[in-house]
Amino acid sequence: MSMAEGITVKKAENPSEWYTQVIQKAELIDYTDVSGCYVFRPRSFAIWEKLREFFDCEIKKLGVQNLYFPMFIPESFFKKEAEHVEGFAPEVAWVTHSGNTELKERLAIRPTSEAIISDSFRKWTRSWKDLPIKVNQWCNVVRWEFNNPQPFLRTREFLWQEGHTLFVTKEDADKEVMDILELYRRISEELYAMPALLGKKSEKEKFAGADYTTSVECFLPTGKAIQLATSHALGQNFAKAFEIEYTDANEEKQHPYQNSWGISTRSIGVMVIMHSDDKGLVVPPRVALNKAVIVPITTKKVNEEVIKKAKEVYRELKGFNVIFDDREGYSPGWKYNEWEMKGIPVRIEIGPKDVEKDQVVFVRRDNGEKVFVPILNVKERLKEMLEDMQGVLLDNAKSFLKENTLFPKNKEELKTAVNDGKLSLINWCGGCEESIKELGAKTLNMPFDQNPKGSCVNCGSKAKFEIYVSKSY
Ligand SMILES: [Zn+2]
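A brief structural summary. Predicted model only: the values in this text are computed from it and were never measured.

Parameters at a glance
- Residues numbered from 1 in each chain as written.
- Predicted model: local features only at pLDDT ≥ 70, side-chain atom pairs only at ≥ 80, totals over all residues.
- Heavy atoms only, no water.
- Pairing = 2+ DSSP bridges.
- Helix = DSSP H or I, 4+ residues; strand = E, 2+ residues; numbered from the N terminus.
- Axes fitted to C-alpha atoms, helices over the stretch in contact; angles between N-to-C directions.
- Donors = N, O, S within 2.8 Å, 3.2 Å for Na, K, Ca; no water.
- Salt bridge = Lys/Arg side-chain N within 4 Å of Asp/Glu carboxyl O.
- Buried < 20%, exposed > 50% of the residue type's maximum accessible area, 1.4 Å probe, protein only.
- 1 Å grid on protein atoms, 1.4 Å probe; cavity = no way out; pocket = protein on both sides within 12 Å on 5 of 7 lines; lining within 4 Å.
- Points joined across faces, edges and corners; volume = space filled by probe spheres on them.
- Nonpolar A, V, L, I, M, F, W, Y, C, P; charged D, E, K, R; others polar.
- Phe/Tyr/Trp six-rings, centres within 6.5 Å; stacked < 30°, edge-to-face > 60°.
- Lys NZ or Arg CZ within 6 Å of the ring centre and 35° of its normal.

Moving on, we get to the sheet that holds strand β4 (residues 72-74). In spatial order, the strands read β4-β6-β5; together these three strands make up an open sheet with antiparallel pairing. Each having just a single partner strand, β4 and β5 (93-98) make up the two edges of the open sheet. When the angles between neighbouring strand axes are averaged without regard to direction, this sheet yields 45°. Alignment of β4 against strand β6 (residues 101-109), held across three bridges, turns out to be antiparallel. What sits directly across from P74, in β6, is L107.

This is the structure in structure tokens:
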């Protein structure tokens, strides 16, 4: 039997090759012949399902209903909101033919669905009594970007949810933007164990056609940040362009206030980079498909007894979706490496000596901690270990974030911080984003708690905002 090859490069030394190896060797992703389009294998799709389960349940509590729109958007719809079409035009894939016949109107494959949903909103909105409307769809979208696709992080087709809502008042719409952002924060912190940077995007970085965009950003151990999720206030921009109108209580025509919000399968890649290590994948237990793997350590003589005991433990841990690895022809060490690479949170070893003592050995994936656990207590001790691991992953990520956040006071310091792969919170004028880009960095978002002082760190004019800046994916 050949040894499964482990991860051959170090995260710190070659993060991009390391990432490529981890996601393939942990069986999260497979490549296809279409550049930028990937196979989500069961181990990654299960993570997506956990996110979906959580978020779907929470938005239903807010009164959101699921529905489904076609993936083809007529070009004429798409052109109605000028900023929107301009923002998305470079990456839209078009359907132009049916067989050999050219279509009368080309159809956009949705890069996002505001245009087609707004057209239906126009038909569904008559009176103030029809509002609010709150709908969501779980679907795929296509953005045919040409620069350097990366599995999960930057792909031409991806899965997401897109929520679309209409309100009578701006206050209600604004409140929902924040309610949804809070759910994205909880996905980031409570499911993925990643500290979330919440804030408002700059005018330049906001969604094409929105009044303002709020986002969750994550800063990763590779020294780069990435946008995890966005919640947009579209104001009345789409309502005006698509003639969405209702009659208010005084019989007057009004445009409603509209929001849209989304999180995608990109988040899986962000989580992988946040927690995984030189041995392979590390998954926060709450989103892990299999919480543990049992490896019986057998010799010819005591084989039966060990297997019997291990099966008892397996039955006891039924609710944890445990893998039972009694494959023959593989050494225990080989199996340990394989399951570490695939990110199973806890390994449970049981050998002849453990059977004598009525115990098993738990080994934790994130820190290698090894403890002996009486068989009587396996269920509660596994639960405890998983919860502890979930908490420690978040704590470690928080410490990393704190240690790597700098507050540069001038352009030289900002430049150094960017080059060193640090996250910077700077006083900023609200303009000068081009020259921040020239440093190889990007503005992420402006934290909600604003306290700008003095002059812009980048250009020296009066500071109006505080904003996070770093290298970015
Ligand atoms: Zn400036």
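For the zinc ion, the full set of protein donor atoms is C429 (SG), C432 (SG), C456 (SG) and C459 (SG), at a range of 2.3 Å. Look at where the donors of the zinc ion fall in the sequence and you get C-x2-C-x23-C-x2-C. Linking C432 in the loop between β21 (423-428) and α14 (433-438) with C456 in the loop between β23 (446-447) and β24 (465-472), this pair joins segments that are 24 residues apart in sequence.

A word on the pattern of salt bridges. The final tally for this structure, using the stated rule, is 33 salt bridges. Two residues, D358 and K309, come together in a salt bridge whose shortest N-O distance is 3.4 Å. Taken together, the positions of D358 in the loop between α11 (352-357) and β18 (359-364) and K309 in helix α9 (residues 303-316) put the pair 49 residues apart, joining distant regions of the chain. Ionic pairing is found between R364 and D366, a salt bridge with its closest N-O pair at 2.7 Å. There is no split in this pair, since R364 and D366 are both buried. Bridged by salt links that share partners, the residues E58, K61, E182, R185, R186, E189 and E190 form one connected network.

Across all of its chains, the model carries four cavities of 30 Å³ or more by this definition. Taken as a whole, the largest cavity spans an internal volume of roughly 70 Å³. Along the walls of the largest cavity sit R43, I47, L281, V283, A288, L289, N290, K342, G343 and I344, which together make up its complete lining. Broken down by class, the residue content of the lining of the largest cavity amounts to six nonpolar, two polar and two charged.

In this structure the tally under the stated criterion is 16 aromatic pairs. Aromatic side chains F55 and W261 sit 6.0 Å apart centroid to centroid with 70° between the ring planes, which places their arrangement in the edge-to-face category. Note that F55 is positioned in helix α2 (residues 42-61) and W261 in strand β14 (residues 257-264), a separation of 206 residues in sequence. Taking the relative accessible area as the measure of exposure, W261 reaches 2% and is therefore buried. Arranged with centres 5.9 Å apart and planes meeting at 15°, the rings of F219 and F400 form a pair that is stacked. Linking F219 in strand β10 (residues 212-219) with F400 in helix α12 (residues 378-403), this pair joins segments that are 181 residues apart in sequence. By way of ring pairs, the aromatic residues W48, F55, W138, Y184 and W261 are connected into one cluster. Here the basic side chain of K224 rests over the ring of Y473, its NZ or CZ set 4.8 Å away from the ring centre.

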